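# Inside the fold
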Amino acid sequence: MNRAFVSAVALCALAGSALAAPTNTTLPGGWTWQSAGGGSYDTGLLGTPRGGANGQTTGPFTDTSYGVMNEPGTPWFTGTDVTSQQYIQRQLFGNFGTGSPPGPAGFRYYNFGYGGQAGPTFTSGPTAAGSNFAATAREARSVTVNQWNNTAPDAGGVATFGQVVRVPVAATLVVGLGWGGDEMLIKAIGGDGGQQTRIRVDANIDAAFTTAAFGGLSSGGRINVNGISTFSDPAALGNYDMPWGFGEPLAAGQISLTRGSADAVFVDGNFVQDPGQGTGPNSVGYGYSKTYDVLSSITQNGSSFNVNFTSAAELFIERQFGNADARAQMGPGMEGNVRLVVEWQEFVAIPTPGAAGLLGLGALAAMRRRRA
């Protein structure tokens, strides 16, 4: 997220609001509002939960894969949480299955079976333990944000001497969304020795955010990505993995990897660009942010609101020629962040000095000088 842009918006709003003053709280006759400066409320950047590497129990956690925080506050793959789906897989014909070495470190690579259970992570299920992961998966995460708590609001009534009132003059909400997938692999299985097979893999990865605050805000996007791989058949009982994503050299036995015409990134239904590499090799990803002027709808009472982030991914696979079986794989991920900045000015209620009073003081001083 562009933090400088948030600051610039707030400062410009503050600079252009010199005439702002309380409108609900009234003044006694002959009184005025004296400007006493201003300030800001900034939540800082608030992000969705992240997970750790295999068996990681202490932060910092950096992994944004689906399923990494199925139990809030619990690092993933420590041996205590095996209910989340970290991969999507789709095979042409058979069910190669996902095996695991012994111990908690292997939990990431093993399908323990998913029954479509609800919870912070939504999986497609049902699948059987040890089989391929499901071809679709969904993830839901949330960020809780506290509104500005105005301790001296422009609440109405008649001002008293020295009463302080704070008036918001700018409020900006910035929501960032990033999503994609990594570990984009094709497993070549069987086929005829000395022959070739061509496989096309397509993936749709969707992501969106919504909040009921500020009258309701939402936005979302889709990544379409594909890879067309030609490879040498492993032959009976043979198999090997090869990439179908971005930024990875061909695997041994992989003859070519090309892209089709369906690659695209859409935001709110509009094409924005072709997809690019994500945070690592053999990955895809995209991110953007939306900036909202929310001055007219901030609550000023310190209450909280949620920004909810969702994502869904699905794989498709087809054989264009050849006799080998194949399984496509991807590890989808998503992340969201939120920042709220409120700028305010402060005013103090004081009596307006009257011209007659000033003249009287001056006359009294002159009389004293003459008597001296």
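Starting from 1, residues in each chain are numbered consecutively following that chain's sequence as written. Under the rules for a predicted model, residues below a pLDDT of 70 receive no local features and side-chain atom pairs below 80 are neither given nor counted, while totals for whole chains, interfaces and linings still include all residues. Side-chain metrics rest on all non-hydrogen atoms present in the structure, leaving aside hydrogens and water.

Within the protein chain, the secondary structure is distributed over two helices and 15 strands. Under the scheme applied here, a residue whose accessible area is under 20% of the maximum for its type counts as buried, over 50% as exposed, and between as partly exposed, the area being computed with a 1.4 Å probe on protein chains only. A buried classification covers 43% of the 372 residues belonging to the protein chain. Throughout, a contact is declared for two residues whenever any of their heavy atoms are within 4.5 Å. Taking the intrachain contacts of the protein chain between residues at least 6 apart in sequence as the baseline, contacts between residues at least 24 apart amount to 78%. On the protein chain, roughly 17000 Å² of surface is accessible, and the fraction owed to carbon and sulfur atoms is 54%. Secondary structure elements follow DSSP: runs of H or I of four or more residues count as helices, runs of E of two or more count as strands, with numbering from the N terminus. Here the Shrake-Rupley method, with its probe set to 1.4 Å, supplies the accessible areas, and only the displayed protein chains count as covering residues.

As a further point, take the side chain of Gln-147. Here Gln-147 is to be found in the loop between strand E5 (136–146) and strand E6 (164–190). On the accessibility criterion, Gln-147 (6% relative accessible area) is buried. The contact partners of Gln-147, leaving out residues within four places of it in the chain, are Tyr-41, Phe-214, Ile-298, Thr-299, Gly-302, Ser-303, Phe-305 and Leu-340.

Our focus in this paragraph is the packing of aromatic side chains. Ring geometry is summarised as follows: Phe, Tyr and Trp rings, the Trp one being its six-membered ring, pair when their centres sit within 6.5 Å, and such pairs are stacked at plane angles under 30 degrees, edge-to-face over 60 and tilted between the two. Counted according to the given criterion, the structure contains ten aromatic pairs. Centre to centre, the rings of Phe-209 and Phe-309 are 6.1 Å apart; their planes meet at 50°, and the pair counts as tilted. Note that Phe-209 is positioned in strand E7 (residues 196–211) and Phe-309 in strand E14 (residues 304–321), a separation of 100 residues in sequence. With 6.4 Å between their ring centres and 85° between their planes, Phe-231 and Tyr-240 make a pair best called edge-to-face. Neither residue differs from the other here; Phe-231 and Tyr-240 are each classed as buried. Site record: aromatic cluster; members linked through ring pairs are Trp-179, Tyr-286 and Tyr-288. Between Arg-166 and the ring centre of Trp-344, over which it is positioned, the NZ or CZ distance is 4.9 Å. Put simply, a charge is over a ring when the Lys NZ or the Arg CZ is close to the ring centre, within 6 Å, and near the line of the ring normal, within 35 degrees. A cation over an aromatic ring shows up here: Arg-259 above the ring of Phe-246, its NZ or CZ 4.2 Å from the ring centre.

Let's shift gears to the nonpolar core. To qualify as a nonpolar core, a set must consist of buried Ala, Val, Leu, Ile, Met, Phe, Trp, Tyr and Cys residues joined through side-chain atoms within 4.5 Å. In this structure, Leu-173, Trp-179, Phe-214, Val-225, Trp-244, Phe-309 and Met-330 are the most contacted members of the largest nonpolar core, which totals 54 residues. Leaving out residues up to four positions away in the same chain, Phe-214 has contacts with Gln-147, Leu-173, Val-294, Ser-297, Ile-298, Phe-305 and Leu-340. Judged by nonpolar contacts, the second largest core, of six residues, contains Trp-33, Val-167, Phe-347 and Ala-349.

This next bit is on the environment of Thr-98. Looking at where Thr-98 falls in the secondary structure, it is placed in the loop between strand E3 (88–91) and strand E4 (121–123). Accessibility expressed as a relative area gives 8% for Thr-98, which makes it buried. Between the alpha carbons of Thr-98 and Phe-112 there is a distance of 9.3 Å; along the sequence they are 14 residues apart.

Another point: unusual backbone geometry. The phi angle of most residues is negative, glycine excepted, and most peptide bonds adopt the trans form. At Asn-282, a position not held by glycine, the phi torsion is positive, near 55°. Within the secondary structure layout, Asn-282 lies in the loop between strand E12 (270–273) and strand E13 (284–293). Even without glycine at this site, Gln-300 takes up a positive phi of about 65°.

Below, the discussion takes up the environment of Gly-193. Within the element layout of this structure, Gly-193 appears in the loop between E6 and E7. Residue Gly-193 is classed as exposed on the basis of its relative accessible area of 53%. Sequence separation of Gly-193 and Pro-234 is 41 residues, and the distance between their C-alpha atoms is 6.5 Å.

Along the chain, Asp-233 falls in the loop between strand E8 (217–232) and strand E9 (235–243). For the buried Asp-233, no salt bridge exists, and the shortest N-O distance to an oppositely charged side chain is 7.4 Å, to Arg-319. Throughout this description, a polar contact denotes any pair of N or O atoms lying within 3.5 Å of each other; where both atoms belong to protein, one of them has to be capable of donating a hydrogen while the other can accept it, and for residues adjacent in sequence the pair is counted only when both atoms sit in side chains. Only 2.9 Å separates the side chain of Asp-233 from the backbone nitrogen of Asp-192, close enough to count as a polar contact. At 2.7 Å, the side chain of Asp-233 and the side chain of Thr-197 are in polar contact. When charges are tallied, Lys and Arg are placed among the positive residues and Asp and Glu among the negative ones, while His and the ends of the chain are skipped. Here, a salt bridge means any side-chain nitrogen of Lys or Arg that lies within 4 Å of a carboxyl oxygen of Asp or Glu.

On to the confidence of the model for the protein chain, then. Confidence scores labelled pLDDT are given residue by residue by the predictor and lie between 0 and 100. On average, the protein chain scores 83 in pLDDT, and the residues at 70 or more come to 80%. Note on residues 355–372: pLDDT under 50 across the span, and zero contacts to partners over four residues away in sequence or across chains.

Counting across every chain of the model gives ten salt bridges. We note a salt bridge from Arg-222 to Asp-206, for which the minimum N-O separation is 2.6 Å. With Arg-222 in strand E8 and Asp-206 in strand E7, this residue pair connects regions lying 16 residues apart in the sequence.

Another aspect to go through is the environment of Ala-128. If you trace the backbone, Ala-128 turns up in the loop between E4 and E5. Here the alpha-carbon distance between Ala-128 and Gly-113, two residues 15 residues apart in the chain, equals 4.5 Å. With sequence-adjacent residues up to four places away left out, Ala-128 is seen in contact with Asn-111 and Gly-113.

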